[in-house]
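Residue-level structure breakdown
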Amino acid sequence: MVVIAADGKYRLKIVLYGPSLSGKTEMLKTLRKMFIGVRSKLYSIQETNGRTLFFDYLVIRPGNNVNFVFDLYTVPGQRRHARQRRVILNGADSIIFVADSAPIAIYENAKSFDELRFYLSGILDKVPLIIAVNKRDLPDALPIRLVLNSLKLTKPTPVFSTVATTGKGIKELFREAFRLTMLASFFPTLYKKELARIIEMHKYLLPEELTREPLIKL
Ligand SMILES: Nc1nc2c(ncn2[C@@H]2O[C@H](COP(=O)(O)OP(=O)(O)OP(=O)(O)O)[C@@H](O)[C@H]2O)c(=O)[nH]1
Ligand SMILES: [Mg+2]
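Here's a quick rundown of the structure.

Rules used in this analysis
- Residues numbered from 1 in each chain as written.
- Chains lettered and ligands numbered in written order.
- Predicted model: local features only at pLDDT ≥ 70, side-chain atom pairs only at ≥ 80, totals over all residues.
- Near = placed C-beta within 6 Å.
- Nonpolar A, V, L, I, M, F, W, Y, C, P; charged D, E, K, R; others polar.
- Buried ≥ 20, exposed ≤ 12 C-beta atoms within 10 Å, placed from the backbone.
- Helix = DSSP H or I, 4+ residues; strand = E, 2+ residues; numbered from the N terminus.
- Pairing = 2+ DSSP bridges.
- Right-handed = clockwise from strand over helix to strand, strands pointing away.

Within the structure, ligand 1 sits among 22 residues, and S20, G23, T25, T52 and G77 are positioned closest to it. When the residues that make up the shell around ligand 1 are grouped by side-chain class, the tally is five nonpolar, twelve polar and five charged.

Quick look at the structure:
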């Protein structure tokens, strides 16, 4: 749902979804550090232990002469915050699902993805979804294929492998998220064609380490 603000700017909403501790807040912190253009401070409503209580919020303006901004939100991943997650998801123009590569998180990843699927039931096909398989630096990180299998994806989905703490893969992830969000919001017919092209090119969209060619040519 593209919102036109009082200053005439279009606002596009991107929500980072996923289980607690998967690295959603860390991702916005790192994106803010890496992004050299105009951006807001990172607004966070947290518990004393650093877990997100309600959301984090960051505004990014992708270029000087553009007439739109991205509003980036993270949801609180802890199970008891389900109601907040639903509120934050409302009106999202695209979603980045942040999965945790830690073996202990495999069940939480699946549970969180199921919940997302349930909340999005009506609009899942219209809103771009990108998966970030995070914490690839862990010595015991599960193979990406295993993490993805546990989500039981039903359609080809762009996947990026990331390390939020060091920034690996973050630029690529957000560049594609911004591109697909813009296409889907302003040029839905083009977006459909683009999806079809990507699917045709790659059959299934898997991360670089699972395919010979890079996932998406950036
Ligand atoms: N090794 C490693 N640690 C990470 C990575 N990303 C995040 N972390 C750490 O994991 C912990 C949890 O990260 P957060 O970003 O707070 O997790 P979250 O998904 O926002 O969690 P909730 O707010 O509870 O939903 C922090 O200590 C991060 O520094 C990563 O890629 N690699
Ligand atoms: Mg958080």
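Before going further, it helps to spend a moment on the pairing of strand 8 (residues 129-134). By the criterion of burial, strand 8 is predominantly enclosed, with six of the six residues buried. Here strand 7 (residues 94-100) pairs with strand 8 via six bridges, running parallel. Pairing of F97 across the sheet is with I131, part of strand 8. Where strand 8 lies against strand 9 (residues 159-161), three bridges are found, and the strand directions are parallel. Within the sheet, the bridge partner assigned to V133 lies in strand 9 and is S161. Note that the unit made of strand 8, helix 4 (residues 144-151) and strand 9 has a crossover that is right-handed.

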